[in-house]
Amino acid sequence: MSRVLYELAAADPDRRFSPFCWRIRLALEHKGLAFEGRPWRFTEKDALAFSGSDKVPVLVEDGRPIVESSVIAAHLESAYPDRPSLFGGAAGLALTRFHVAWTDGVLHLALVPLLLLDIHRHLAEGDQAYFRTSREARFGKPLEAVCPDPEAQLAVLRKTLAPVRAVLRHQPFLGGESPLYADHVVMGAFLWARGVNALALLEPDDPVEAWRQRMLDRMGEGSRALAFG
């Protein structure tokens, strides 16, 4: 079976930085499914027209497009029940919905002010114009004004991670003894940051940093090349 994952990329095609794409890349590796990661950029809407979506991730399996990260993850779980579970059963799926909502609505909001200018810097010229216009409309201010005090915002981020930190003091992964999709969702946020920003987001002795290193160590060769490039 052929699989292609369309992933958001910067001017450098090996710089992948969408948290939503990263969580699906990690989910595919979790399931042990071979795939081709194909770079896609903000202004390449026509390249996704076949899917009915104007954003990534888009997974194409034997010509069939599947869009939106949660839908893709659910598909992978139901289509490949003989492979390692992403959720650990129905109860795990229910709890994962909280992790997804918290990551999208809380963790990402703490991260994005730190990343906006770095994302813009790594984009090709046409994408830079699109990104600046769309994000300045969203935030109601110039990109340069979104994060006037990065150190203060970094402190906000570290405080935001308190519930993750509390869990990881008792177990190696959010999923328990091994990672589940909840881990991939949160890790996607860190890989988003890693793709555009060299800032040390965590203190060396933070349990979240130890977890992040464990997650990096488990990544496949192709993903490691993208994350460590």
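Before going into details, it helps to say that this report is about the structure given with it. (Residues numbered from 1 in each chain as written. Predicted model: local features only at pLDDT ≥ 70, side-chain atom pairs only at ≥ 80, totals over all residues. Heavy atoms only, no water.)

1. Looking at the overall build of the protein
Then step 1. Counting secondary structure elements, the protein contains 10 helices and four strands.
Then step 2. The N-to-C order of helical and strand elements in the protein reads β-α-β-β-β-α-α-α-α-α-α-α-α-α.
Then step 3. The globule rule puts the C-alpha radius of gyration for 229 residues at 17 Å, and the 17 Å found for the protein is close to it.
Then step 4. Taken along the three principal axes of its C-alpha coordinates, the protein extends 50 × 45 × 30 Å.
Then step 5. For the protein, the residues scored as buried account for 49% of the 229 residues in total.
Then step 6. At a minimum sequence separation of 6, the contacts of the protein that also span at least 24 residues come to 69%.
Then step 7. For the protein, the exposed area adds up to about 10700 Å²; of that, 56% sits on carbon and sulfur atoms.
Then step 8. Averaging the locations of the 27 positively and 29 negatively charged side chains of the protein gives two centres separated by 2 Å. (Helix = DSSP H or I, 4+ residues; strand = E, 2+ residues; numbered from the N terminus. Rg over C-alpha atoms; globule rule 2.2 N^0.38 Å. Buried < 20%, exposed > 50% of the residue type's maximum accessible area, 1.4 Å probe, protein only. Contact = heavy atoms within 4.5 Å. Areas by Shrake-Rupley, 256 points an atom, 1.4 Å probe, with all protein chains shown as cover. Lys, Arg positive; Asp, Glu negative; His and termini not counted. Charge placed at Lys NZ, Arg CZ, Asp CG, Glu CD.)

2. A look at the packing of helix α1 (residues 19-31) against helix α2 (residues 69-79)
Then step 1. It is at 10 Å that the axes of α1 and α2 come closest, and there the two elements cross at 5°. As summarised for this structure, α1 and α2 are arranged roughly parallel, according to the angle between their axes. Residues F20, R23, I24, A27, L28 and K31 of α1 form the contact with α2, whose own contacting residues are S69, I72, A73, L76 and E77.
Then step 2. Among the residues making up the contact of α1 with α2, the classes are represented as seven nonpolar, one polar and three charged. (Axes fitted to C-alpha atoms, helices over the stretch in contact; angles between N-to-C directions. Parallel < 35°, antiparallel > 145°, perpendicular 65-115°, else oblique. Nonpolar A, V, L, I, M, F, W, Y, C, P; charged D, E, K, R; others polar.)

3. Details of the packing of aromatic side chains
Then step 1. Scanning the entire structure with this criterion turns up six aromatic pairs.
Then step 2. Each ring, one from F42 and one from F131, has its centre 5.8 Å from the other, and the planes form 40°; the classification is tilted. Of this pair, F42 sits in the loop between β2 (36-40) and β3 (58-61) while F131 sits in helix α4 (residues 125-139), and the two are 89 residues apart along the sequence.
Then step 3. Using a relative accessible area of 2% as the deciding quantity, one classes F131 as buried.
Then step 4. Three or more aromatic residues joined by ring pairs form one cluster here, namely F17, F42, Y130 and F131. (Phe/Tyr/Trp six-rings, centres within 6.5 Å; stacked < 30°, edge-to-face > 60°.)

Purely spatial values, then, with no claim about function.
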